[in-house]
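# Structure assessment
Listed below are the residues making up each chain.
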Amino acid sequence: MRASSLVALGLAAGALAHASAASADGGPSDTGPAAGAVDAEPRWGVRLWSSERWLGDASMAALTTDTLGGGGVAVERRLLALPVPGPFDDLAVSAELSFDAGSVDGTTFQQLDNHVSTWAISAGARARLPVLSWLQVQGRAALGAGRTTVRIADQMTGGAIEDRAATAVASSGVGLAVMPTLRRGSRFRFVLDAELGYQTTTSTGVRAYPEDRPAPELTIPASYATLGDVDLDGWTLRFGAGVAF
């Protein structure tokens, strides 16, 4: 699915070079410890997270004052490691595929019950820089697409309108990840992380489509009034857990 780790190739090449030098000096053959060097950094990872998004656009203030709560799942594959200046280890860069969803409810004029839900599939990159053997600073960026649905129901009449539209999504974030090594030389690690980020989406136009309207071929053609656009841009806070191996 992704290219092999450049770190593993580098370690393997170094091991072969060391073994060859040892043999030329009359030292141990390539059966020595250097020939068995193995990349102990995780190559794959699976994470789950819960999230909150603070909706800062005025279009959402008319529907709700709450945060949009949700969660998601991501699979990542380490691609390469980049050297960085200073006392730090290499910067690990991974490709990531994720799915996230969320929803929020609200009330307008003490009469209209509002519900907004959204989901998206995104692809992007994640970079992690070890600070300690068990602590890493991380950052990510992703692009994707999804769908947003808006439903507004009248408590008095029982009627409701509902509209939905496809959206484009861009998100980014920075945070910390705790990834302790459970056994020396093993790639398997548990992951706990926290991330502060920002997510932006294309706006969703909402029209007054009756929720229980008949099929178009059974009705007289009509033009439904537009209620404006809904914008779900906002700051996000994520708390996640997973495994890397």
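Attention in this report is confined to the structure presented alongside it.

Thresholds, definitions, all that
Residues numbered from 1 in each chain as written. Predicted model: local features only at pLDDT ≥ 70, side-chain atom pairs only at ≥ 80, totals over all residues. Heavy atoms only, no water. Helix = DSSP H or I, 4+ residues; strand = E, 2+ residues; numbered from the N terminus. Contact = heavy atoms within 4.5 Å. Areas by Shrake-Rupley, 256 points an atom, 1.4 Å probe, with all protein chains shown as cover. Buried < 20%, exposed > 50% of the residue type's maximum accessible area, 1.4 Å probe, protein only. Salt bridge = Lys/Arg side-chain N within 4 Å of Asp/Glu carboxyl O. Phe/Tyr/Trp six-rings, centres within 6.5 Å; stacked < 30°, edge-to-face > 60°. Core = buried A, V, L, I, M, F, W, Y, C linked by side-chain atoms within 4.5 Å. Pairing = 2+ DSSP bridges.

### Things to note about the overall build of the protein chain
Each helix and strand counted, the protein chain has two helices and 10 strands in total. Ordered by position from N to C terminus, the α and β elements of the protein chain give α-β-α-β-β-β-β-β-β-β-β-β. Considering only intrachain contacts with a sequence separation of at least 6, the fraction spanning at least 24 residues in the protein chain is 67%. Counting only carbon and sulfur atoms, one obtains 63% of the accessible surface of the protein chain, whose full area is about 13,500 Å².

### Quick notes on the environment of F99
Its location among the elements puts F99 in strand 3 (residues 91–108). Accessibility expressed as a relative area gives 36% for F99, which makes it partly exposed. When the C-alpha atoms of F99 and A145 are compared, they prove to be 10.0 Å apart, with 46 residues separating the residues in sequence. The contacts of F99, once residues within four sequence positions are left out, are W49, G71, G72, V73, W119, A120 and I121.

### Re the pattern of salt bridges
Under the criterion given, the structure shown has nine salt bridges. Among the salt bridges present, the one from E96 reaches R47, with a minimum N-O distance of 3.6 Å. Within this pair, whereas E96 is found in strand 3, its partner R47 is found in strand 1 (residues 44–55), the two being separated by 49 residues in sequence. Accessibility assignment for this pair places E96 and R47 in one class, buried. R126 serves as the salt-bridge partner of E76, at 3.9 Å between the closest nitrogen and oxygen. Separated by 50 residues along the polypeptide, E76 in strand 2 (residues 68–82) and R126 in strand 4 (residues 112–130) bring together distant segments of the chain.

### Concerning the environment of A170
Relative to the helices and strands, A170 resides in strand 6 (residues 160–178). Given a relative accessible area of 24%, A170 falls into the partly exposed group. The spacing of A170 and G124 is 46 residues in sequence and 9.6 Å in space, taken between C-alpha atoms. Every residue in contact with A170, bar those within four places of it in the chain, is listed here: A142, L143, Y198, Q199 and T200.

### Considerations on the packing of aromatic side chains
In this structure the tally under the stated criterion is four aromatic pairs. Between the aromatic rings of Y198 and W235, the centroid separation amounts to 5.1 Å while the plane-to-plane angle is 75°, which identifies the pairing as edge-to-face. One end of the pair, Y198, is in strand 7 (residues 189–201); the other, W235, is in strand 10 (residues 234–244), with 37 residues separating them in the sequence. Y198 gets classed as partly exposed once you look at its relative accessible area, which sits at 32%.

### Overview of the nonpolar core
By size, the foremost hydrophobic cluster in this structure holds 12 residues: L55, M60, L63, L68, V104, V116, V150, I152, I161, V206, V230 and L232. For L68, the residues in contact, after removing those within four places along its chain, are S51, E52, R53, L55, G102, S103, V104, T118 and L232.

### Quick word on the pairing of strand 7
Covered by surrounding structure in strand 7 are R189, V191, D193, E195, G197, Q199 and T201 only, the residues F190, L192, A194, L196, Y198 and T200 on the alternate face being uncovered. Note that strand 6 and strand 7 share 10 bridges and pair antiparallel. By the bridge assignment for strand 7, A170 is matched with T200. Where strand 7 lies against strand 10, 11 bridges are found, and the strand directions are antiparallel. Along strand 10, the bridge assignment pairs Y198 with W235.

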